[in-house]
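# Reading the structure
As a plain string of letters, each chain reads:
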Amino acid sequence: MNKTLATMALGALMAAGPALADLVIPDLSYRTGPYAAGGIPFSDGYNDYFTLLNERDGGIGGAPIRVIECETGYNTEKGVECYESTKGEGALVYQPLSTGITYQLIPKVTADNIPLHTMGYGRTSAANGTVFSHVFNYPANYWNGASGAINYLLDENGGDLSGKKIALIYHNSAYGKEPIRTLENLSEKHGYELALLPVDHPGQEQKSQWLQIRRDKPDYVIMWGWGVMNQVAVQEAANIRFPMENFIGVWWSGAEFDVEPAGEKANGYKALTFTGLGMDYPVYDDLQKYVVDAGKAAGAGDQLGAVQYNRGLYAAMLASEAIKTAQEIHGTADITAAMMRDGMEALEMTDAKMEALGMAGFGPEFTVSCENHGGPGLVGVVQWDASAKTWNTVQDFKPTDAEVIGALIDEDSAAYAAENNIEPRCN
């Protein structure tokens, strides 16, 4: 059955059928604690998009969406508790926004047959769908991010980084350690010297790391930070007069709240991205009409257009499109988590589809498959204009080093499969 016929059949089925059950989406949020500055706007965007679909479209495929918010405080133990307390309500997909929680949930969701979407974070090798059947990290992962930063610096240096010094200042956790292997392999390939500077949770103490940077004078600093760590790092960089244009953060270190406290001194700071900037998208007209003006915005309703709000919006849009895909595949609007997994694995995001959603250019085109749960790994770069208080794109979405990343994914996922007696699938 082609897609058009499937959609028509689904529509007829829903028109004739009884009232539909809710599509349940848990939101493992963190509006409290040292990482709330990132958790709040992401959760607001995530919730507001589902509210928009309910208010404007009556849900997805005629089925209403019910978001269950559960506060984790970015605490792994609380995140697991939230999972256990919500999974029985018909949860379709989890988006924990935490690498620590992700690592704990991978075996659980696999056993429970519930998909996990760790968009741009989590366990990078979960991009290998032959081993990680229920985990998806499209459209990009941390190893893409590490490669994207190096590719950008290669472009800035005429394709040659040999003899350059690059320091990685990172959150001393599973999250912060994710890019290390990639950066080490890329240093062998491109001849730069890599220094590793861990920062302990939550990241307020960084004096010694920045004194070392002042002493060693690296050409570039890459940051893998989150929450208060980012603000402190940008301020410390300004204190030692490190050139901001040579300081690049991962996408979780590139929001307004990361740079605004440093004022004009943050001007020129750069960050990676896999999502669009600002509010210049038609979807925002609908959000204003159906959500904000209707008094149904999540939180204080003051985060629209912010970097991490857009990221939450994008995550919800991808979940919604996977739900539509699952409904078409299975011919029912009342999908289960297992059906949702199928929809996520068959997801196609085209420019035409994003344009129809009022989000043209908001993210890269990509297709998910049984083998590839990670998407294309395209990475952009943005730069902070402190006087205008806006981020500007300095590099559009570009490919990353598939050879280096692919080998690392194969190695890590093979080790995970061996440890957990997993038979590779997709044959």
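First, a word on what this report is: a plain description of the structure on this page. (Residues numbered from 1 in each chain as written. Predicted model: local features only at pLDDT ≥ 70, side-chain atom pairs only at ≥ 80, totals over all residues. Heavy atoms only, no water.)

### Remarks on the overall build of the chain
Summing up its helical and strand segments, the chain has 15 helices and 13 strands in all. The C-alpha radius of gyration computed for the chain amounts to 21 Å, which stays within 12% of the reference 22 Å derived for 427 residues, consistent with globular compactness. Taking the principal axes of its C-alpha atoms as reference, the chain extends roughly 70 × 50 × 40 Å. Split into buried and exposed, the 427 residues of the chain put 56% on the buried side. Of the contacts formed within the chain by residues at least 6 apart in sequence, a portion of 71% connects residues at least 24 apart. As displayed, the chain has an accessible area near 16,200 Å², and 49% of this comes from carbon and sulfur atoms. For the chain, the centre of its 29 positive side-chain charges and the centre of its 54 negative side-chain charges are spaced 5 Å apart. (Helix = DSSP H or I, 4+ residues; strand = E, 2+ residues; numbered from the N terminus. Rg over C-alpha atoms; globule rule 2.2 N^0.38 Å. Buried < 20%, exposed > 50% of the residue type's maximum accessible area, 1.4 Å probe, protein only. Contact = heavy atoms within 4.5 Å. Areas by Shrake-Rupley, 256 points an atom, 1.4 Å probe, with all protein chains shown as cover. Lys, Arg positive; Asp, Glu negative; His and termini not counted. Charge placed at Lys NZ, Arg CZ, Asp CG, Glu CD.)

### Quick word on the sheet that holds strand β6 (residues 193–199)
An order of β6-β5-β7-β8-β9-β12-β13 is seen for the 7 strands of this open sheet, with the pairing classed as mixed. The open sheet has two free edges, formed respectively by β6 and β13 (390–398), since each of these has just one partner strand. This sheet shows a mean twist of 25° between the axes of neighbouring strands, independent of strand direction. Against the sheet, helix α5 (residues 142–156) contacts β5 (165–171), β7 (220–224), β8 (247–249), β9 (270–273), β12 (379–385) and β13, and its axis sits at roughly 160° relative to β7. Sitting on the sheet, helix α9 (residues 228–239) is in contact with β5, β6, β7 and β8, with an inclination near 165° to β7. (Pairing = 2+ DSSP bridges. Axes fitted to C-alpha atoms, helices over the stretch in contact; angles between N-to-C directions.)

### Brief notes about the nonpolar core
If you look at the biggest cluster of nonpolar residues, it comprises 86 residues, and the most contacted ones within it are Tyr49 and Trp252. In terms of residue count, helix α12 (residues 307–330) provides more of this core than any other element does, 11 residues in total. Residues within four places of Tyr49 in sequence aside, it is in contact with Val283, Leu313, Ala316, Met317, Ser320, Leu357 and Met359. Core analysis: the next-biggest nonpolar cluster, separate from the first, contains 29 residues, Trp210, Met244, Ala255 and Trp391 among them. (Core = buried A, V, L, I, M, F, W, Y, C linked by side-chain atoms within 4.5 Å.)

### Some words on the side chain of His190
For His190, the position within the fold is in helix α7 (residues 180–190). Judged by relative accessible area, which is 19%, His190 ranks as buried. Not counting chain neighbours up to four residues away, the residues in contact with His190 comprise Ile150, Leu154, Leu161 and Ser162.

### Some details on the pairing of strand β2 (residues 65–71)
A regular strand places its side chains on the two faces of the sheet in alternate fashion. Two strands pair when backbone bridges link them, and strand β1 (residues 23–29) and β2 are joined in this way by 7 bridges, in the parallel orientation. Following the sheet pairing, Asp27 is matched in β2 by Glu69. On the question of chirality, the crossover connecting β1 to the parallel β2 by way of helix α2 (residues 36–57) is right-handed. (Right-handed = clockwise from strand over helix to strand, strands pointing away.)

### Regarding unusual backbone geometry
The omega torsion across Tyr138 and Pro139 is 5°, close enough to zero to call that bond cis. For Pro139, the location among the structural elements is in the loop between β4 (135–136) and α5. Look at the link from His201 to Pro202: it is a cis peptide, with omega at -5°. Examined against the element boundaries, Pro202 turns out to sit in the loop between β6 and α8 (207–216).

### Brief notes about the state of the cysteines
For the coordinates displayed, the defined rule picks out 2 disulfides. Note on cysteine connectivity: Cys70 is disulfide-linked to Cys82, with sulfurs 2.0 Å apart. Its S-S torsion of about -80° marks the bond between Cys70 and Cys82 as left-handed, since a negative value means left-handed. Separated by 12 residues along the polypeptide, Cys70 in strand β2 and Cys82 in helix α3 (residues 76–86) bring together distant segments of the chain. Relative accessible area serves as the criterion here: at 15%, Cys70 is assigned to the buried category. A relative accessible area of 3% means that Cys82 is categorised as buried. The disulfide partner of Cys370 is Cys426, and the S-S distance across this bridge is 2.0 Å. Because the sign of the S-S torsion sets the handedness, a value of about -85° for the bond joining Cys370 and Cys426 places this disulfide among the left-handed ones. (Disulfide = S-S within 2.5 Å.)

### Let's talk about the environment of Leu161
Relative to the helices and strands, Leu161 resides in the loop between α5 and β5. For Leu161, a relative accessible area of 1% puts it in the buried group. Taking the C-alpha atoms as reference points, Leu161 and Tyr309, separated by 148 residues in sequence, lie 35 Å from one another. Sequence-distant contacts of Leu161, that is, excluding residues within four places in its chain, are made with Ile150, Leu153, Leu154, Ile166, His190, Gly191 and Tyr192.

Bear in mind that shape data such as this cannot, by itself, settle questions of function.
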